[in-house]
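If you want the building blocks of each chain, they are given just below.
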Amino acid sequence: MILAVETSCDDTSAAVVRGREVLSSIVSSQNELHAQFGGVVPEVASRRHTELVNEVVAEAMSEAGAGWDDLSAVAVTQGPGLIGALLVGLATGKSLAYRRRLPLIPVNHLQGHIAANYALGVRAPFVCLVASGGHTLLAVVEEGVRYRVAAKTMDDAAGEAFDKGARLLGLGYPGGRELDELAARGDPGFARFPRAVPRGRGFSFSGLKTALLYDLRARDEAEIEAHRADIAASYQAAIVRQLVEKTVAGAAAEGLRSVAVAGGVAANSGLRRALGEACEAEGLQLSLPPLSLCTDNAGMIGLAAGFLPALEWPDYLGLDAFASDAEAKAARPPSKRSAGRARP
Amino acid sequence: MILALETATMACSAALCAADGSLVAERVSLAGPAHSKLLLPFVHEVLAEQGAGWDDVDTVAVGLGPGAFTGLRIGIATARALAQADGSAGLAGVPTLTALALALAGAPEALSGRRLVPLIDGRRREVFAAVFERADEGGVRLIEDVAVVPADGLAAWLASRGDVVTGGDGAVLYDELLPACGPRAAGVVAPTAAMVGRAVACGVPGVVRGPDAVLPIYGRAPDATPRAARNGAAAAGSPAGGAA
Ligand SMILES: [Zn+2]
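Asks: Residues and numbers for the sheet that holds strand 1 (residues 2–6) of chain A, please.
Replies: Residues and elements named next belong to chain A. With mixed pairing, the five strands of this open sheet are ordered in space as 3-2-1-4-5. The sheet is open, and its two borders are formed by strand 3 (21–29) and strand 5 (104–108), each paired with just one other strand. Going across the sheet, the axis of each strand differs from the next one's by a mean of 20°, ignoring polarity. Pairing of strand 2 (residues 11–18) with strand 3, which is carried by eight bridges, proceeds in the antiparallel orientation. Across the sheet, the residue bridging to Val17 is Val22, located in strand 3. Along the sheet face, helix 11 (residues 298–305) touches strand 1, strand 2, strand 3, strand 4 (73–79) and strand 5 and points at about 130° away from the line of strand 1.

And the structure:
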């Protein structure tokens with residue numbers, strides 16, 4: 001069994017995973033805490049992780065019926081994410097592993113999202129739409145959690161487009177979820193947003209956000225009030241259309257018949273419905289993880305860990321977190337020779 | 001033995017202390033914020049150097065701050081997780097300013113009657129400060145709890161506290177601003193794990209025990225304004241993007 005810890009953004013999570021089975025996954029969401037600020041405040045998130053992470057670990061262990069001696073490794077999100085938040089989980093994961101003389105498996109958060117699909121029995125190769133507040137890309141998963149990027153966003157992430165749209169529409173936090181709920185009651189054909197999907201293989205959402213801004217400016221307050229759900233539905237449909245078309249086209253270009261989704265935006269009901277319809281029409285097999293495996297959770301980190309190399313005790317003690325993939329190289333673990341030797 | 005950690009400032013350290021607080025082994029880096037890379041290797045080294053196993057560690061102790069938030073959390077998360085995974089070792093914390101004050105009490109500059117004023121760099125040209133005096137049996141007594149003092153007002157703030165001896169990274173940083181009312185203890189340049197271990201062993205006031213209590217003392221609220229307190233929700237920026 002692997003104990004996994006994930007604290008890359010505003011959810012404090014721990015899980016116990018055996019192979020491709022998530023035995024427990026505890027997520028302590030900080031949504032209510034951040035709602036008062038209208039967005040995730042990194043320092044607030046880091047403080048909360050520090051208070052919660054040990055309890056969440058204890059709960060995950062007890063729900064899985066696991067004792068320390070049942071564990072074969074500890075997995076932890078190393079990045080990308082909010083650096084201060086990541087460091088709380090990393091210090092925790094490293095220390096738990098060190099004290100129990102266990103190997104440590106550092107996990108890339110995006111590989112975690114992709115791995116959530118293995119709980120559903122997906123088989124590589126497949127294309128995976130990874131869409132969240134921080135990332136939007138189409139990954140070609142070659143084997144395990146090894147992937148190559150077939151397309152990525154040229155500006156905003158899809159989750160950002162949802163959140164910014166929600167803010168323009170005067171909705172609460174978390175914006176993406178509020179927008180989704182409102183859109184469910186609206187007419188997606190009400191407002192006209194650019195239909196054209198950007199050329200090439202990249203995603204682009206900033207134009208849609210601007211189009212929404214101009215659409216709202218062109219209407220008076222009463223009209224917006226009366227049609228808020230319709231405008232939300234139209235805006236959501238435009239984002240979803242792009243995500244679905246790019247994903248289906250990507251699968252065709254790669255000659256793959258298996259499609260998966262990952263990330264917080266995969267919890268969007270409009271996307272789930274549209275992608276389901278499109279894949280059915282194209283005869284593609286779709287892996288659509290349950291919502292609990294789409295939003296940030298340690299279960300997916302434990303699943304990914306099963307495909308990744310472990311660092312043996314105590315080679316990982318100097319491991320650092322990384323905020324972005326660009327920093328990942330600098331955060332590589334120290335070599336065996338330098339670990340355990342006195343430093344100046 | 002006590003395994004002690006201290007990461008509230010640029011100094012990162014781990015130490016093994018005997019039950020009476022005497023230092024057995026220590027690793028210190030004053031080099032800057034690389035606590036994530038340094039702290040656990042230091043722990044491993046002090047244990048290995050003594051041939052000590054976890055059976056020998058009955059308490060994991062950590063400095064609670066205030067200080068730099070990220071480093072502070074690395075030390076506290078490390079201590080909490082080590083104690084959690086150990087199961088039988090106790091978890092203890094001591095305010096970093098108190099650990100520093102105890103070290104100041106033993107400094108040659110701390111003539112009797114002088115108040116002990118540890119200073120920690122709070123960044124943004126501010127220092128965290130507290131005022132102590134010597135207590136019986138080599139301990140310290142808190143007179144004035146943590147204050148955030150602007151560097152530019154530090155001299156006046158200290159002058160109004162009478163005859164003092166200062167120390168800590170805040171005192172080193174603002175050495176030129178310290179008034180003539182008392183010396184800086186030359187040997188107390190930053191809080192270290194040895195000071196934390198000794199403070200916990202001596203049971204100075206402010207020592208707390210158990211995971212419900214061993215949490216950071218930030219000394220300052222996060223930089224964030226609740227929506228309700230702002231003019232117009234439209235101005236609210238999402239610093240990091242919301243979803244997953
Ligand atoms: Zn995520």
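Asks: Account for unusual backbone geometry, naming residues and giving values.
Replies: Following A:Gly79, the chain continues into A:Pro80 via a peptide bond in cis, with omega recorded as -10°. Secondary-structure assignment places A:Pro80 in the loop between strand 4 and helix 3 (83–99). In this structure, the amide linkage connecting A:Trp313 to the following residue, A:Pro314, adopts the cis form with an omega of -5°. Along the chain, A:Pro314 falls in the loop between helix 11 and helix 12 (325–328). Of note, B:Arg124 is a non-glycine position whose phi angle comes to about 50°, a positive value. When you line up the elements, B:Arg124 lands in the loop between strand 6 (115–121) and strand 7 (126–134).

Asks: Just give me the short version of the packing of helix 8 (residues 221–254) of chain A against helix 9 (residues 269–282) of chain A, but keep the residues and values in it.
Replies: The description of two packed helices rests on the angle between their axes and on the distance between the axes. Residue and element names in this part refer to chain A. As a packed pair, helix 8 and helix 9 sit with axes 9 Å apart at the nearest point and diverge in direction by 35°. Considering the relative orientation of helix 8 and helix 9, their crossing is right-handed. When helix 8 is examined against helix 9, the residues Gln236, Val240, Leu243, Val244, Thr247 and Val248 are found in contact with a partner set consisting of Gly270, Leu271, Ala274, Leu275, Ala278 and Glu282. When its residues are assigned to classes, the contact of helix 8 with helix 9 shows eight nonpolar, three polar and one charged.

Asks: Let's hear about the packing of helix 5 (residues 158–168) of chain A against helix 7 (residues 206–217) of chain A: which residues, and what values?
Replies: All names here are of chain A. It is the contact of helix 5 with helix 7, at a shortest axis distance of 10 Å, that shows an interaxial angle of 10°. Between helix 5 and helix 7, the interaxial angle falls into the category roughly parallel. Between helix 5 and helix 7, the contacting residues are Lys164, Gly165 and Leu168 on the first element and Lys209, Leu212, Leu213 and Leu216 on the second. Taken together, the residues of the contact of helix 5 with helix 7 sort by class into four nonpolar, one polar and two charged.

Conventions we followed
Residues numbered from 1 in each chain as written. Chains lettered and ligands numbered in written order. Predicted model: local features only at pLDDT ≥ 70, side-chain atom pairs only at ≥ 80, totals over all residues. Heavy atoms only, no water. Pairing = 2+ DSSP bridges. Helix = DSSP H or I, 4+ residues; strand = E, 2+ residues; numbered from the N terminus. Axes fitted to C-alpha atoms, helices over the stretch in contact; angles between N-to-C directions. Contact = heavy atoms within 4.5 Å. Left-handed = near helix turned anticlockwise from the far one by under 90°. Nonpolar A, V, L, I, M, F, W, Y, C, P; charged D, E, K, R; others polar. Parallel < 35°, antiparallel > 145°, perpendicular 65-115°, else oblique.

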